[in-house]
Amino acid sequence: MRIILIGDDNLVYFLSKKFVAEKHQVTIINCDPVTARKFSHQIKATVIIGDGTHPTILKEAEAEKADLILALTAHDEDNLVACQIAQQHYGVPRTIALVHDPAHQQFFEQMRISVAFSATQILANLIKKRADFEDITNFFAVDRGQIGVTEVILNEDSPAVEKSLQNLDLPAGALIACIIRQGQAFVPRGWSHLEVGDRLILISQPENYDQLLEVLTGKVE
Amino acid sequence: MKKSLYIAVIGCGRLGSILASNFSKQGHKVVVIDQDNSTFNHLSEEFSGFPITGNTAEMNVLQAAKLDKAQVAIAVTGKDNLNIMVSQLAKTVFKVPIVLTRILDPAREEISQKLGLTTITTTKISAVAFLKTLQEQLNINS
């Protein structure tokens, strides 16, 4: 694919590197000459110095041949207009805009931007999720995420407390591999009871993960 | 303009302040928005509208200005893209019936019109005025 990225920061840098690694043809438009020079040394991409929201600069970037444009500047208005010019003037089929004011997201999509994503919104959701599930730590994923290893600490609200494992409705692709209680770790058996404050090491397939967490915490993610 | 209108002037620079002052003097209800409240000093002493300090790109600010109640919105900030975005917001989200957009860079005029905006390209208008006045002066001197 031919991809145009507009912006000056790390997001543009890392995304461009990723696209280049995936063999896409990348053009970056930067308004700061110092950043542009830096990018041109670090990334195998065409780097153009200029205002990426300007029709002339987009022409220089051969927008009419592009399959995708990503507008990732710090200003919503610049991201919107860059995508609109690319779409209406140069017929770029897919446009992606970064939105800072979450309230603009819907409006951008109403303006036929293919995807408008709000980093603020995404972060806020992540933080909220973290806060809701602060007793859960994801350790690592094995073999490209086919199996995940997670730690959950049982609190007093957990519906699993005082129950034995055999009485829990654990999903098939999930396992309580280890219980850590008062600093002692042991591998549980079917008759093992769970207590408040237990740290459970879980092994599960991703499709069973949510159900497993629900059984242990009573919360639905 | 006999009937009193609710007019939102977005951007209180040199142009915005003249427009807002004039509308207010004509008896219209005027709200003027700018993120820099020192720009409100440009408004004339007779100005009796409401100044609102805030980022004009921000949805909350436009809501606070009751843009949904406005019959006219005029986007005259110093940034073309901002004027283009705010004008589209005014039209599509707040359903303002009349929206005028100031454009500085003539290269952005065509695309703005393609987007359905009513534009006033002030640079182009000044250029025409200069050429016309120069011609008149030359005619007088010849």
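None of the values given here were measured: they were computed from a predicted structure.

Conventions adopted
- Residues numbered from 1 in each chain as written.
- Chains lettered and ligands numbered in written order.
- Predicted model: local features only at pLDDT ≥ 70, side-chain atom pairs only at ≥ 80, totals over all residues.
- Heavy atoms only, no water.
- Helix = DSSP H or I, 4+ residues; strand = E, 2+ residues; numbered from the N terminus.
- Buried < 20%, exposed > 50% of the residue type's maximum accessible area, 1.4 Å probe, protein only.
- Contact = heavy atoms within 4.5 Å.
- Areas by Shrake-Rupley, 256 points an atom, 1.4 Å probe, with all protein chains shown as cover.
- Buried area = accessible area lost by both parts, 1.4 Å probe.
- Salt bridge = Lys/Arg side-chain N within 4 Å of Asp/Glu carboxyl O.
- Polar contact = N/O pair within 3.5 Å; in protein donor to acceptor, adjacent residues only side chain to side chain.
- Pairing = 2+ DSSP bridges.
- Axes fitted to C-alpha atoms, helices over the stretch in contact; angles between N-to-C directions.

Caption draft 1: Up close: the overall build of chain B. Regarding its fold elements, chain B presents five helices and six strands. Its helices and strands taken in sequence order, chain B reads β-α-β-β-α-β-α-β-α-β-α from the N to the C terminus. Counting only residues that meet the buried cut, chain B has 47% of its 142 residues in that class. Sequence-distant contacts in chain B: of pairs separated by 6 or more residues, those separated by 24 or more amount to 47%. Summed over its atoms, the accessible surface of chain B is roughly 7,600 Å², and 56% of this surface lies on carbon and sulfur atoms.

Caption draft 2: Molecular detail of the interface of chain A and chain B. Contacts between chain A and chain B engage 21 residues on the former and 19 residues on the latter. For the pair chain A and chain B, the two sides together bury roughly 1,700 Å², of which 61% comes from carbon and sulfur. If you sort the residues of chain A by the area they bury against chain B, A:Glu77, A:His89 and A:Phe107 come out on top, with a joint share of 30%. At the surface where chain A touches chain B, the tally comes to one salt bridge. Put simply, chain A and chain B have nine residue pairs in polar contact (both at pLDDT 80 or more) between them. At the level of elements, helix 4 (76–90) and helix 5 (104–110) of chain A are the ones that each hand at least two residues to the side of chain A that touches chain B.

Caption draft 3: Spatial organisation of the sheet that holds strand 5 (residues 94–99) of chain A. Residues and elements named next belong to chain A. Read across the sheet, six strands follow the order 3-2-1-4-5-6 without closing on themselves; strand pairing throughout is parallel. The open sheet has two edge strands with one neighbour each: strand 3 (46–49) and strand 6 (115–118). Taking each pair of neighbouring strands and ignoring which way they run, the sheet shows an average axis angle of 15 degrees. As paired elements, strand 5 and strand 6 share four bridges and run parallel to each other. The partner of Val99 across the bridge, within strand 6, is Ser118. Along the sheet, helix 2 (residues 33–42) contacts strand 2 (25–30) and strand 3; its crossing angle with strand 3, the most-contacted strand, is approximately 170 degrees.

Caption draft 4: Region of interest: the side chain of A:Thr73. Residue and element names in this part refer to chain A. Within the element layout of this structure, Thr73 appears in the loop between strand 4 (68–71) and helix 4. Only 3.2 Å separates the side chain of Thr73 from the backbone nitrogen of His75, close enough to count as a polar contact. The contact partners of Thr73, leaving out residues within four places of it in the chain, are Ile6, Gly7, Asp78, Asn79, Leu98 and His100.

Caption draft 5: Just the pattern of salt bridges, in detail. A complete count under the given rule lists 12 salt bridges over all chains for this structure. Across the salt bridge formed by A:Glu151 and A:Arg199, the nearest N and O atoms sit 3.0 Å from each other. One end of the pair, A:Glu151, is in strand 8 (residues 147–153); the other, A:Arg199, is in strand 11 (residues 199–204), with 48 residues separating them in the sequence. A residue is classified by how much of its surface remains accessible, and A:Glu151, at 7% relative accessible area, is buried. On the accessibility criterion, A:Arg199 (35% relative accessible area) is partly exposed. Between B:Lys69 and B:Asp68 there is a salt bridge; the shortest N-O distance is 3.5 Å. Taken together, the shared-partner salt bridges connect A:Asp51, B:Asp80, B:Asp105 and B:Arg108 into one network.

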